[in-house]
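# Analysis of the macromolecular model
The chain contents come next:
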Amino acid sequence: MATVEETEKITSANPDGRKVYRDKIDEIDNEIVRLFGERMETASGLASFKKEHSLPVLDIRREREKIQDVVDKTPDELKEYTELLYSFILELSRGYQNRLVGSGSELSAKISQAIENTPKLFPERAVVACQGVEGAYSSIAADKLFKSPNVMYFSTFDAVFTAIEKGFCKYGVIPLENSTAGSVNSVYDLMTKHSFSIVRSIRLKVEHNLLAKKGTKLEDITEIYSHQQAISQCAEFLSTLKGVKVIPCENTAVAAKMVAESDRNDIATLSSGECQKLYGLECLKPAVQDNDNNYTRFICISKDLEIYPGADRTSLMCVLEDKPGSLYKFLSRLYAFGINLSKLESRPIPDKDFEFMFYFDLDTSVYSPQFLQLMSELGDITSEYSYLGSYREVM
């Protein structure tokens, strides 16, 4: 192998010096690949030894000493790069050993069992929990997910989660995020408190209409009621209504029902066309949302883990170590496995200062070996985690 000095002499007399450098890099890379394979083969032997002697895969002291050793041998200008490189190599080695000794096999077995035991067709009929009253967007989403849902209504999202946990309802449908107003933070916070699995998701196009009792005119309106998310999604329209008070309430359908049952003719609601029909209201102005491309994503949850055919999205909740690079380590593992990250959300953990729960949506088939390998390594790259389910999203 040519030295750096020899390479420089060759390139000084060569008009295409790039090729010489590239050839040199290719030569070095070939050696790196050979040595990496040899290192991982040795790690495999070490994994067998640890398994035989019931030793943990992770040896923090050994890893710290190893990184310090290689950094000490590196020129000053390359120390940071070397530390980053070897941290990643050790991550890969540890993940490989975990897979060989069977760490994470409990979750993998749980997933495999769910795939085997789940019916091949998504149910057409079920008892479904939704927040609000008849006409709520959650119930509209439920009607699209199920052919004949028996919808039970609850006053809060917390009550929907509880109904699923206690077995009062087989499924629940809950809004998670909107293309205009963003995530429903209260739902993300509740996800840390309840036990559930996501079995399907749906994107529902949302149109908010200004509804009032028949005979009411736009200029008569002094108050408008709706859910906070709907209010956020109609901010531009609402800003044109001078002197009108906007009042948040728990649900768009609840607001529509309240307006219909009120004896006042100066109030209105931002609600769906379904609510207009259900409660006999008049549309003063249709589709007043700021963006016509306005979609809300709903998740369908259940108490038991169910994985239906075609599941190509997985949701996780993870707590990462509170130190630099912990999120990078997780994301780099996704990159190494070729898994696309479609959603990343972080929320503070209640009663824990400066600690956050991360929510990940991953686009990967539940049948792919890369998915199963990642699941087996979650305990190695997170402080704690919850597997929320693998499912298909429909429109």
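First things first, this report covers the structure right here in the doc.

Cut-off values and rules
- Residues numbered from 1 in each chain as written.
- Predicted model: local features only at pLDDT ≥ 70, side-chain atom pairs only at ≥ 80, totals over all residues.
- Heavy atoms only, no water.
- Helix = DSSP H or I, 4+ residues; strand = E, 2+ residues; numbered from the N terminus.
- Rg over C-alpha atoms; globule rule 2.2 N^0.38 Å.
- Buried < 20%, exposed > 50% of the residue type's maximum accessible area, 1.4 Å probe, protein only.
- Contact = heavy atoms within 4.5 Å.
- Areas by Shrake-Rupley, 256 points an atom, 1.4 Å probe, with all protein chains shown as cover.
- Lys, Arg positive; Asp, Glu negative; His and termini not counted.
- Charge placed at Lys NZ, Arg CZ, Asp CG, Glu CD.
- Salt bridge = Lys/Arg side-chain N within 4 Å of Asp/Glu carboxyl O.
- Core = buried A, V, L, I, M, F, W, Y, C linked by side-chain atoms within 4.5 Å.
- Polar contact = N/O pair within 3.5 Å; in protein donor to acceptor, adjacent residues only side chain to side chain.
- Disulfide = S-S within 2.5 Å.
- Axes fitted to C-alpha atoms, helices over the stretch in contact; angles between N-to-C directions.
- Left-handed = near helix turned anticlockwise from the far one by under 90°.
- Nonpolar A, V, L, I, M, F, W, Y, C, P; charged D, E, K, R; others polar.
- Phe/Tyr/Trp six-rings, centres within 6.5 Å; stacked < 30°, edge-to-face > 60°.

## Details of the overall build of the protein chain
Scanning the protein chain from N- to C-terminus turns up 14 helices and 15 strands. For 395 residues, the compact-globule estimate of 2.2 N^0.38 gives 21 Å, and the C-alpha radius of gyration of the protein chain, at 28 Å, exceeds that figure by more than 25%. With the C-alpha coordinates aligned to their principal axes, the bounding extent of the protein chain is approximately 90 × 55 × 40 Å. Considering the protein chain as a whole, with its 395 residues, one finds that 46% of them fall into the buried category. In the protein chain, the proportion of contacts linking residues at least 24 apart, taken out of those at least 6 apart, comes to 74%. Counting every atom, the protein chain has about 20900 Å² of accessible surface; 51% of that belongs to carbon and sulfur. Distance between charge centres in the protein chain, computed from 47 positive and 59 negative side chains, equals 4 Å.

## Focus on the pattern of salt bridges
The final tally for this structure, using the stated rule, is 20 salt bridges. Salt-bridge contacts for Arg34 lead to Glu38; the nearest nitrogen and oxygen are separated by 3.2 Å. Of this pair, Arg34 and Glu38 both sit in helix 2 (residues 17-52), separated by four residues, roughly a single helical turn. In this structure, the salt-bridge partner of Arg347 is Asp189, at a minimum N-O distance of 2.9 Å. One end of the pair, Arg347, is in strand 13 (residues 340-348); the other, Asp189, is in helix 8 (residues 185-191), and 158 residues separate them in sequence. We classify Arg347 as buried; its relative accessible area is 18%.

## What about the nonpolar core?
One finds Phe161, Ile174, Val187, Met191 and Ile301 to be the most contacted residues of the largest nonpolar core, which totals 26 residues. Contributing elements (two or more residues each) for this core: helix 7 (157-165), strand 3 (171-178), helix 8, strand 11 (295-302), strand 12 (313-319), strand 14 (356-363) and strand 15 (384-394). By size, the runner-up hydrophobic cluster in this structure holds 24 residues, among which are Leu107, Ile111, Ile339 and Ile381.

## Considering helix 11 (residues 252-261)
Looking at helix 11, one finds that the buried residues are Thr252, Ala253, Val254, Ala255, Ala256 and Val259. One side-chain oxygen of the residue at the start of helix 11 lies 2.7 Å from the amide nitrogen of Ala253, identifying that residue as Asn251.

## Brief notes about the state of the cysteines
As enumerated under the stated definition, the model contains zero disulfides in all. Cys130 provides the cysteine sulfur closest to Cys300, a residue in no disulfide bond, and the two sulfurs are 9.0 Å apart.

## As for the side chain of His227
Mapped onto the secondary structure, His227 falls in strand 7 (residues 223-227). A distance of 3.0 Å separates a polar atom in the side chain of His227 from the backbone nitrogen of Gln229. Beyond its immediate sequence surroundings of up to four residues, His227 is in contact with Cys249, Glu250, Asn251 and Thr252.

## Concerning the environment of Val101
Here Val101 shows up in helix 4 (residues 79-101). Separated by 185 residues in sequence, Val101 and Pro286 place their C-alpha atoms 61 Å apart. Apart from residues lying up to four places away in sequence, Val101 is in contact with Ala47, Lys51 and Val57.

## A short note on the packing of helix 4 against helix 13 (residues 326-337)
Taken N-terminus to C-terminus, the directions of helix 4 and helix 13 make an angle of 65°; their axes are 11 Å apart at the nearest point. Between helix 4 and helix 13 the crossing geometry is right-handed. Facing Leu84, Phe88, Glu91, Leu92 and Gly95 of helix 4, the residues of helix 13 in contact are Tyr328, Lys329, Ser332, Arg333 and Ala336. Among the residues making up the contact of helix 4 with helix 13, the classes are represented as five nonpolar, two polar and three charged.

## Topic: the packing of aromatic side chains
Counted by the stated rule, this structure contains eight aromatic pairs. With a centroid separation of 6.2 Å and 40° between ring planes, the pair formed by Phe122 and Tyr171 is classed as tilted. With Phe122 in the loop between helix 5 (105-117) and strand 1 (125-131) and Tyr171 in strand 3, the pair connects residues that are 49 residues apart, well separated along the chain. Pair check on accessibility: Phe122 and Tyr171 agree, each one buried.

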